[in-house]
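Results of the structural survey
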There are 2 protein chains.
Amino acid sequence: MAVEQRGGLVGVLGGMGPAAGAYFAYRMVQLTSADCDQEHVPVLLRNDPRIPDRSAAKLRGGPSPLPAMLEGMRFLRASGAQCIAIPCNTAHIWYEELRSSVDVPVLHIVRSVIEDLQDRGVRGGRIGVMGTPATLRLGLYDKFLRDAAFEPIVPKDEEIERFCIEPIAAVKANRPGDALAGAVEGVRRLMDRGAVAVILGCTELPLAIPSSERAGLGICLTDSIDALALATLKACRRRVS
Amino acid sequence: MAVEQRGGLVGVLGGMGPAAGAYFAYRMVQLTSADCDQEHVPVLLRNDPRIPDRSAAKLRGGPSPLPAMLEGMRFLRASGAQCIAIPCNTAHIWYEELRSSVDVPVLHIVRSVIEDLQDRGVRGGRIGVMGTPATLRLGLYDKFLRDAAFEPIVPKDEEIERFCIEPIAAVKANRPGDALAGAVEGVRRLMDRGAVAVILGCTELPLAIPSSERAGLGICLTDSIDALALATLKACRRRVS
């Protein structure tokens, strides 16, 4: 791990969804090696849930979230952010526009997840991806996984509603208990098709399958909230605990 | 509960400590009644752990946290906050200076805790207060509790180190598991002295005694993070779930 060094302010474009944004900020703290308040990383979290729905914009002609996301990026930069993290996978469909709107590094959640897979010793094979309909249908993870010598597989069309959309919606509505069974069944179906690891590739999904439920599944699950938090801490050159 | 109504941006002066600040933002989301992202409350969390230690300033001549806190208040207001919450009990020693630095309402964590006690049906009697040495020695809670017809009691001088300072420091250093036993023993000692409820009057203490550990204690515990989050949601006129 990188040597500890006083980093600058981390900007977080959150609210997509709001539980994921706040939980990301919490995991940033929990994953930092620090002995007192003053050794932790300064974070500015703009947790604005009013940003229009990302999947609806891409798949159903809903209003674009891009103007609100760009406003958030500019706000974070103007407020002193030295790097920016966006704890929402689907938002990364617009990554190039977001990244080029500011003059500081913007972490990429998909790259963070692939680094996390590699850090866990997964070196190839089929990787299951769960996420929003837009993430899956637009293949957000496909090129990145193939470039890293992985073979992406996603839930079948008829499985997306029950195993991805419904659990994600339950977390957004503060009913995580209603999200667990469907999300777990989604993981199992991908395992049955030969996945050696499954990516929780929507930031609601780690909240649907909390850590305490993961060990029993018998598969490597990569949590896109934690992967992004770890990558952000590395970018700040912080020791990770 | 108040009728739902589109509220403005909530500013959060966090970082004192950083886990408490981020967890407060997370609890704001979890305690909101909402069906989708867009129904949640927009929050701007300035989670700046560099603010000097509050107890050290009041009791040991350390640098004052007030300039950094005032800078944070002005930043939140300039960024559009329509009300501000400060998830740190000890910071409320400076409440008047903080409140008068902005032209929007600033929630008071001690008032929120007392409302929470009353909402839970506690109507009088001895109330134990746990907190930082500054909160306890300066009697932050005393006048508010007496005005509401409660009798405050606090850990004995020789108990503060083991049952308050050490658990709080363990949470700040990301070792919450090391915080539980001492904090629980602190609660038990106050119960032995006749407390009918105990206030977790430092925002690290709810993280030291997580919800899952509270029911077994057989006493009403008021969590200053949740009490402030509930009061903030009421101030935004949001339905609370």
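Throughout what follows, the structure given in this document is the object of discussion. Please read these numbers as outputs of a predicted model, since none were measured by experiment.

The rules behind each value
- Residues numbered from 1 in each chain as written.
- Chains lettered and ligands numbered in written order.
- Predicted model: local features only at pLDDT ≥ 70, side-chain atom pairs only at ≥ 80, totals over all residues.
- Heavy atoms only, no water.
- Pairing = 2+ DSSP bridges.
- Helix = DSSP H or I, 4+ residues; strand = E, 2+ residues; numbered from the N terminus.
- Axes fitted to C-alpha atoms, helices over the stretch in contact; angles between N-to-C directions.
- Contact = heavy atoms within 4.5 Å.
- Least-squares fit on C-alpha atoms with pLDDT ≥ 70 in both.
- Core = buried A, V, L, I, M, F, W, Y, C linked by side-chain atoms within 4.5 Å.
- Buried < 20%, exposed > 50% of the residue type's maximum accessible area, 1.4 Å probe, protein only.
- Salt bridge = Lys/Arg side-chain N within 4 Å of Asp/Glu carboxyl O.
- Phe/Tyr/Trp six-rings, centres within 6.5 Å; stacked < 30°, edge-to-face > 60°.
- Disulfide = S-S within 2.5 Å.
- Parallel < 35°, antiparallel > 145°, perpendicular 65-115°, else oblique.
- Left-handed = near helix turned anticlockwise from the far one by under 90°.
- Buried area = accessible area lost by both parts, 1.4 Å probe.
- Polar contact = N/O pair within 3.5 Å; in protein donor to acceptor, adjacent residues only side chain to side chain.

We now examine the sheet that holds strand E7 (residues 220-223) of chain A. All names here are of chain A. Spatially, the 4 strands line up as an open sheet ordered E5-E4-E6-E7, and their pairing is parallel. Bordering the open sheet on either side are strand E5 (150-153) and E7, each of which pairs with just one other strand. Ignoring which end each strand starts from, the neighbouring axes of this sheet average 30° apart. The pairing of strand E4 (residues 125-130) with strand E6 (residues 197-200) spans 4 bridges and is parallel. Of the residues in E6, the one forming a bridge with Val129 is Ile199. Sitting on the sheet, helix H9 (residues 180-192) touches E4, E5, E6 and E7, and the angle it makes with E4 is about 160°.

Superposing chain B onto chain A takes a rotation of 180° plus a shift of 0.0 Å along the axis, which leaves an RMSD of 0.0 Å. Taken together, the rotation and translation relating the two chain copies correspond to the operation of a two-fold axis. Nearest to the rotation axis, the C-alpha of Leu45 of chain B is located 2.5 Å from it, this being the minimum over chain B. The share of interface residues of chain B whose copies in chain A are also at the interface is 100%, consistent with both copies meeting through the same surface.

Core analysis: the largest hydrophobic core is formed by 130 residues, its most contacted members being Leu145 and Ile209 of chain A together with Leu145 and Ile209 of chain B. Beyond its immediate chain neighbours, meaning those up to four positions away, Leu145 of chain B contacts Ile114, Leu117, Ile127, Val129, Phe150, Pro152 and Ile199 of chain B. Membership of the second largest hydrophobic core comes to 45 residues, among which are Leu70 and Ala91 of chain A together with Leu44 and Met69 of chain B.

Residue and element names in this part refer to chain B. As enumerated under the stated definition, the model contains 34 salt bridges over all chains in all. Notably, a salt bridge pairs Asp48 with Arg46, separated by 3.9 Å at the nearest N-O pair. Each member of the pair, Asp48 as well as Arg46, is classed as buried. Of the charged contacts in the structure, one is a salt bridge between Arg214 and Asp223, with a shortest N-O distance of 3.0 Å.

Applying the stated criterion across every chain, the model contains 5 aromatic pairs over all chains. Joined through ring pairs, the aromatic side chains of Tyr23 and Tyr26 of chain A together with Tyr23 and Tyr26 of chain B make up one cluster.

Another aspect to go through is the state of the cysteines. For the structure shown, the criterion picks out 0 disulfides over all chains. We note that Cys202 of chain A lacks a disulfide partner, and the nearest cysteine sulfur, in Cys88 of chain A, lies 6.7 Å from it. Owing to a relative accessible area of 4%, Cys202 of chain A belongs among the buried residues under this scheme. The cysteine Cys236 of chain B is free of any disulfide, with Cys83 of chain B supplying the nearest cysteine sulfur at 4.5 Å.

In helix packing, the relevant descriptors are the interaxial angle and the interaxial distance, both defined with respect to the helix axes. Residues and elements named next belong to chain A. It is the contact of helix H1 (residues 18-30) with helix H11 (residues 224-235), at a shortest axis distance of 9 Å, that shows an interaxial angle of 50°. Taken together, the axes of H1 and H11 lie oblique to each other. Regarding H1 and H11, the two cross each other, and that crossing is right-handed. Residues Ala20, Tyr23, Phe24, Arg27 and Met28 of H1 form the contact with H11, whose participating residues are Ile225, Asp226, Leu228, Ala229, Thr232 and Leu233.

What follows is about the interface of chain B and chain A. The extent of an interface is frequently quoted as the accessible surface area lost upon association of the parts. Facing the 40 residues of chain B at the interface are 40 residues of chain A. Buried area between chain B and chain A, summed over both chains or domains, comes out near 3000 Å², and the portion from carbon and sulfur atoms is 56%. Our count for the contact surface shared by chain B and chain A stands at 4 salt bridges. Notably, a salt bridge pairs Asp37 of chain B with Arg54 of chain A, separated by 3.0 Å at the nearest N-O pair. Here chain B is connected to chain A by 17 residue pairs in polar contact (both at pLDDT 80 or more). When residues of the side of chain B that touches chain A are traced back to their parent elements, those giving at least two are helix H1 (18-30) and strand E2 (43-47) of chain B. When residues in the side of chain B that touches chain A are grouped by element, the largest group, 8 residues, is from H1 of chain B. Sheet topology places strand E2 (residues 43-47) of chain A next to E2 of chain B; 5 bridges connect them, and they run antiparallel. Paired with Val43 of chain A across the two strands is Asn47 of chain B, which belongs to E2 of chain B.

Here we take up the environment of Arg175 of chain B. Residues and elements named next belong to chain B. As for its position among the elements, Arg175 is in the loop between helix H8 (157-172) and helix H9 (180-192). Along the primary structure Arg175 and Gly121 are separated by 54 residues, whereas in three dimensions their C-alpha atoms are 33 Å apart. Of note is the side chain of Arg175, whose polar atom sits 2.8 Å from the side chain of Asp178.

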